[in-house]
Amino acid sequence: MEDQYQYNTNEEKFVKDSHTKEIDLINRDPKQINDDVVKVEFEDVIAEPDGTHSLDGVWKLSYTTFTVSKYWCYRVLSAVFGIPVALLWGFLFACISFCHIWAVVPCIKSCLIESQCVSRIYSLCIQTFCDPFFEALGKIFSSVRVALRKEV
């Protein structure tokens, strides 16, 4: 357990390594990202309306067959493909993170810097050419008086 922690002399505290964190083997979906998608039970797929019922034994055996086959099929598929698919997703998210950190954010920052330069030039042009024009219009129309009279 000691090798999971790293002593940081600058901050005088222990920092836990994020690659060796403990995982919860009980609650495997703590953020409930699959609550609405893959919780499919027998009753969600197969249902017999009133008046159309199979034999009770057939119904019970169908329920058991569905539940057990779903359980073991998932276990076999995750045992065979889980690690390769996890490797693939890890690689994909690493590439996305790399692109975001090394390309997207610097590009956005560069655009923001350039747009600040352009906005200053635009602002100077407005102040130089448009402000005097609108100031003159304001002085012309400032002497206009509007009076409302109510005639009976």
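In this text, all values refer to a predicted model and were calculated from it rather than measured experimentally. (Residues numbered from 1 in each chain as written. Predicted model: local features only at pLDDT ≥ 70, side-chain atom pairs only at ≥ 80, totals over all residues. Heavy atoms only, no water.)

Looking now at the overall build of the protein. Broken down by element type, the protein carries two helices and two strands. Counting helices and strands in the order they occur from the N terminus, the protein gives β-β-α-α. Expressed as a percentage of its 152 residues, the buried residues of the protein come to 2%. Long-range pairs, those at least 24 residues apart, make up 16% of the contacts in the protein between residues at least 6 apart in sequence. Total accessible area computed for the protein in this model is approximately 14,700 Å², and 65% of it derives from carbon and sulfur atoms. (Helix = DSSP H or I, 4+ residues; strand = E, 2+ residues; numbered from the N terminus. Buried < 20%, exposed > 50% of the residue type's maximum accessible area, 1.4 Å probe, protein only. Contact = heavy atoms within 4.5 Å. Areas by Shrake-Rupley, 256 points an atom, 1.4 Å probe, with all protein chains shown as cover.)

On the surface, Val 68, Tyr 71, Trp 72, Val 76, Leu 77, Val 80, Phe 81, Val 85, Trp 89, Leu 92, Phe 93 and Ile 96 cluster together into a nonpolar patch covering about 1,200 Å² of accessible area. Note on placement: Leu 77 falls in helix H2 (residues 56-142). (Patch = residues over 30% accessible without salt bridge, like charges linked within 9 Å, V, L, I, M, F, W, Y side chains within 5 Å. Salt bridge = Lys/Arg side-chain N within 4 Å of Asp/Glu carboxyl O.)

Positive phi values are uncommon outside glycine, yet Gln 32 reaches one of about 50 degrees. Among the secondary structure elements, Gln 32 is positioned in the loop between strand S2 (13-16) and helix H1 (42-45).

Turning next to the packing of aromatic side chains. Taken as a whole and judged by the stated rule, the model has seven aromatic pairs. Plain terms: the ring middles of Phe 133 and Phe 134 are 5.2 Å apart, the flat faces sit at 70 degrees to each other, and that makes the pair edge-to-face. Through pairs of rings, three or more aromatic residues link up here, namely Phe 42, Trp 59, Tyr 63 and Phe 66. Its end group placed over the ring of Trp 72, Arg 75 keeps NZ or CZ at 5.8 Å from the ring centre. (Phe/Tyr/Trp six-rings, centres within 6.5 Å; stacked < 30°, edge-to-face > 60°. Lys NZ or Arg CZ within 6 Å of the ring centre and 35° of its normal.)

Here we take up the confidence of the model for the protein. With 87% of its residues at a pLDDT of at least 70, the protein reaches an overall mean of 86. Per-residue pLDDT, averaged within each element of the protein, yields its smallest value for strand S1 (residues 5-8) (50) and its largest for H2 (94). (pLDDT = per-residue confidence, 0-100.)

The next subject is the side chain of Asp 29. Within the secondary structure layout, Asp 29 lies in the loop between S2 and H1. Despite being buried, Asp 29 has no salt bridge partner; Lys 39 is the closest side chain of opposite charge, sitting 6.8 Å away. Within the structure, Asp 29 has its side chain in polar contact with the backbone nitrogen of Ile 33 (distance 3.0 Å). Setting aside residues no more than four positions away along its own chain, Asp 29 makes contact with Asn 34 and Asp 35. (Lys, Arg positive; Asp, Glu negative; His and termini not counted. Polar contact = N/O pair within 3.5 Å; in protein donor to acceptor, adjacent residues only side chain to side chain.)

This part is about H2. Here H2 spans only 92 Å end to end across 87 residues, well under the 129 Å set by a 1.5 Å rise per residue. The principal kink in H2, of about 50 degrees, is found at Phe 81, preceding the proline Pro 84 by one to four residues. (Expected span 1.5 Å × (residues − 1). Bend = angle between axes of the 7 residues up to and from the residue.)

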